[in-house]
Amino acid sequence: MSISSFLSKKFLKSLFFPAHNRGAALPKKLVKLLKKQPGYWDLPELPEIGSPLSQGGLIAKTQKEFSEKFGAKGCFFGVNGASGLIQSAVIAMANPGENILMPRNVHISVIKICAMQNIQPIFFDLDFSSENGHYKPITKNWLENVFKKINFNKKKIVGVILVSPSYHGYAGDLGPLIDLCHQKKLPVLVDEAHGSYFLFCENLNLPKSALISNADLVVHSLHKSLNGLTQTAALWYKGHLVNEQNLIRSINLLQTTSTSSLLLSSCEESIKDWLDKNSLSKYQKRILEAKRIYKKLIQKNIPLIETQDPLKIVLNTSKVGIDGFTADKFFYKNGLIAELPEMMTLTFCLGFANQKDFLNLFEKLWNKLLLNSKKLKSLEVLQSPFKLVEAPEIQIGIAWRSETQSIPFSQSLNKISGDIICPYPPGIPLLVPGEKIDVDRFNWINNQSLCNKDLLNFNIRVIKT
């Protein structure tokens, strides 16, 4: 089968990204554009259109309008995914050799840019649920304890990264965290890839958007949590702690010089769609419907985990002795395609299409899964082996460029990693270059590999000694 043939394959129910649900919730103007003669819209950077960094043109005009609408200093569209804009934001905050404070659940794109630019990550651990293996939202008290562990006179930190909401939809109150960082004159980058729509729904009892909470830099994935095409994203900035020219130079460094006119149009239309009263009303109804779906599934005794994002249905498969990977294979085989399998859970993304038929289908397949799956006596997730605050033993850029050898992970105990170990999804690294594979981390990663095929009998690059 060719790629093009597979792209037209029908699934019974697509509960994965992008959130437009295979076109069902794409903005009307974009649908109209796609119905034109194939390739008709594939234009170069004509003066009338410009680019995300142009002073004039349609893109610059729209970005300025969006900035003014949300009280931001600037808005930049991106066509390299949220990853590209997150990386641009990181190097706008830090020069090579400087330190950025970040949580353990940062996306792999952050680690990659740190390795490329030799920016030093200072990691802080997060509160952890032993019941489902998920990180909990960070609180002000937790961040205060992190700050107490850092000697700011010895270890100069130039910025802080926060992730909210998480892949599963966990989100806390960002305002106090950002205020705490600002008191220390530290700019804050929030990876809000999974929470773009929070910006438009202040009346639905959802977490407050990072942009409204005065983060200095906010990155939205327009395909994960709005209704844009894959690879579309937006970066917002405000405040005075990040130099605007540094940010523009950083975006220019990483952004392709051949930005897709279709993807740029999708950036514009996916945001405009939510600024239209009729469309917004429709999407808000979908969000309320998602909340009702959750409540009805709970009433049917289906073990779900509550998060702050109603569009994520997180199934706690471990409650019935089934790991998330086994459950995922079963649902996939039956045409219900989830987004994220893990040892204890399986996450489905409802997106912005009508999902009224989801409830009965999900219940039917869940009951079938219970009848046909072998139950394990116990499933448990090991506590993560991280200290509250720690940095790699060797600078990440040096470790990445060091001479290495590839060995089976089973032989890597007490070695220094020259590799990034990162199952995808969710794209959160378990190990980064420069970190030592001590016995606790060795056992923890082995525990992760019990079900995750990405970590089964894998090799790792370690630094030669």
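Residues numbered from 1 in each chain as written. Predicted model: local features only at pLDDT ≥ 70, side-chain atom pairs only at ≥ 80, totals over all residues. Heavy atoms only, no water.

**Considering the pairing of strand E7 (residues 217–221)**
Next, step 1: Of all five residues making up E7, five are buried, and the element is well covered by its neighbours.
Next, step 2: Both E7 and strand E8 (residues 233–237) contribute to a ladder of five bridges, which runs antiparallel. Along E8, the bridge assignment pairs Val 218 with Trp 236. (Buried < 20%, exposed > 50% of the residue type's maximum accessible area, 1.4 Å probe, protein only. Helix = DSSP H or I, 4+ residues; strand = E, 2+ residues; numbered from the N terminus. Pairing = 2+ DSSP bridges.)

**Quick look at the side chain of Glu 342**
Next, step 1: As for its position among the elements, Glu 342 is in the loop between strand E12 (340–341) and strand E13 (346–349).
Next, step 2: Lys 312 provides the closest opposite charge to the buried, unpaired Glu 342, separated from it by 11 Å.
Next, step 3: Of note is the side chain of Glu 342, whose polar atom sits 3.2 Å from the side chain of His 134.
Next, step 4: When near neighbours in sequence (up to four residues on either side) are disregarded, Glu 342 contacts His 134, His 168, Asp 323, Gly 324, Phe 325 and Pro 426. (Lys, Arg positive; Asp, Glu negative; His and termini not counted. Salt bridge = Lys/Arg side-chain N within 4 Å of Asp/Glu carboxyl O. Polar contact = N/O pair within 3.5 Å; in protein donor to acceptor, adjacent residues only side chain to side chain. Contact = heavy atoms within 4.5 Å.)

**Observations concerning the pattern of salt bridges**
Pairs can form between side chains of opposite charge whenever their charged atoms are close.
Next, step 1: For the coordinates displayed, the defined rule picks out 14 salt bridges.
Next, step 2: Arg 104 is the salt-bridge partner of Glu 390, the closest N and O atoms lying 3.4 Å from each other. Here the residue Glu 390 occupies a position in strand E14 (residues 389–390), and Arg 104 occupies one in the loop between strand E3 (99–103) and helix H5 (108–117), the gap between them amounting to 286 residues. Each member of the pair, Glu 390 as well as Arg 104, is classed as buried.
Next, step 3: A salt bridge links Lys 272 to Glu 268, with the shortest nitrogen-to-oxygen separation between them at 3.5 Å. Placement of the pair is Lys 272 and Glu 268 together in helix H9 (residues 261–275), with a separation of four residues, close to one helical turn.
Next, step 4: Residue class for Lys 272 comes out partly exposed when judged on its relative accessible area of 32%.
Next, step 5: Look at Glu 268 and you get buried, because its relative accessible area is 18%.
Next, step 6: The structure contains a network of salt bridges with shared partners spanning Arg 104, Glu 390, Glu 435 and Arg 441.

**What about the sheet that holds E7?**
Next, step 1: With mixed pairing, eight strands are arranged side by side in an open sheet as E2-E8-E7-E6-E5-E3-E4-E14. Pairing within the sheet leaves two strands with one partner each, and these edge strands are strand E2 (74–78) and E14.
Next, step 2: Relative to strand E4 (residues 120–124), E3 runs parallel, the two being bridged by five bridges. What sits directly across from Pro 103, in E4, is Phe 124.
Next, step 3: Strand contacts of helix H7 (residues 174–183): strand E5 (157–163) and strand E6 (188–191), with the helix running at about 150° to E6, the strand carrying the most contacts. (Axes fitted to C-alpha atoms, helices over the stretch in contact; angles between N-to-C directions.)

**Observations regarding the side chain of Asn 227**
Next, step 1: In this structure, Asn 227 sits in the loop between E7 and E8.
Next, step 2: Using a relative accessible area of 0% as the deciding quantity, one classes Asn 227 as buried.
Next, step 3: Within the local environment of Asn 227, its side chain forms a polar contact with the side chain of Asp 273, the two groups lying 3.0 Å apart.
Next, step 4: A distance of 3.2 Å separates polar atoms of two side chains, one belonging to Asn 227 and the other to Trp 274.
Next, step 5: Look past the residues within four positions of Asn 227 in its chain and what remains in contact with it is His 20, Ala 25, Leu 26, Pro 27, Leu 222, Ser 270, Asp 273, Trp 274, Tyr 283 and Phe 352.

**Overview of helix H8 (residues 244–254)**
Next, step 1: The set of residues buried in H8 consists of Leu 247, Ser 250 and Ile 251. Across the axial projection of H8, the buried residues extend over an arc of 95°, all falling on one side. Relative to its buried face, H8 has exposed residues pointing more than 90 degrees away, namely Arg 249, Asn 252 and Leu 253.
Next, step 2: The inward-facing, buried residues of H8 abut E2, helix H4 (81–93), E7 and E8.
Next, step 3: The N-cap residue of H8 is Asn 243: its side-chain oxygen and the backbone nitrogen of Gln 245 are 2.9 Å apart. (Arc of directions from axis to C-beta.)

**Remarks on the packing of aromatic side chains**
Next, step 1: One pass over the full model with this rule turns up 25 aromatic pairs.
Next, step 2: Between Phe 11 and Tyr 332, the ring centres sit 6.2 Å apart and the planes meet at 65°, which makes this aromatic pair edge-to-face. Of the two residues, Phe 11 is situated in the loop between helix H1 (3–7) and strand E1 (13–14) and Tyr 332 in helix H11 (residues 324–333); the sequence distance between them amounts to 321 residues.
Next, step 3: Overall, Tyr 332 belongs to the partly exposed group, its relative accessible area being 41%.
Next, step 4: With 5.5 Å between their ring centres and 90° between their planes, Phe 70 and Phe 200 make a pair best called edge-to-face. With a gap of 130 residues between them, Phe 70 in the loop between helix H3 (58–69) and E2 and Phe 200 in the loop between E6 and E7 connect regions that are remote in the sequence.
Next, step 5: Judged by relative accessible area, which is 10%, Phe 200 ranks as buried.
Next, step 6: Cluster of aromatic residues (ring-pair linked, three or more members): Phe 70, Tyr 197, Phe 198, Phe 200, Trp 236, Trp 274, Tyr 283 and Phe 352.
Next, step 7: In this structure, Lys 184 is placed above the aromatic ring of Phe 152, and the distance from its NZ or CZ to the ring centre is 4.7 Å.
Next, step 8: Against the face of Trp 400 rests Arg 461, its NZ or CZ located 5.0 Å from the ring centre. (Phe/Tyr/Trp six-rings, centres within 6.5 Å; stacked < 30°, edge-to-face > 60°. Lys NZ or Arg CZ within 6 Å of the ring centre and 35° of its normal.)

**Quick word on the domain arrangement of the chain**
Next, step 1: Under the domain assignment used here, the chain contains domain 1 (27–277) and domain 2 (392–463).
Next, step 2: For domain 1 versus domain 2, the distance between C-alpha centres works out to 27 Å.
Next, step 3: Listed as interface residues are 17 residues of domain 1 and, on the opposing side, 19 residues of domain 2.
Next, step 4: Taken together, both faces of the contact between domain 1 and domain 2 bury some 1400 Å²; the carbon and sulfur share is 63%.
Next, step 5: For the pair domain 1 and domain 2, the number of links is one salt bridge.
Next, step 6: As a salt-bridge pair, Glu 435 and Arg 104 come within 2.7 Å of each other at their nearest N and O atoms.
Next, step 7: Those elements that provide at least two residues to the side of domain 1 that touches domain 2 are H5 and E4.
Next, step 8: A total of seven residues in the side of domain 1 that touches domain 2 trace back to one element, the largest contributor, which is H5.
Next, step 9: Here the residues of the side of domain 1 that touches domain 2 are counted per class, giving ten nonpolar, five polar and two charged. (Domains from an automatic or database assignment. Buried area = accessible area lost by both parts, 1.4 Å probe. Nonpolar A, V, L, I, M, F, W, Y, C, P; charged D, E, K, R; others polar.)

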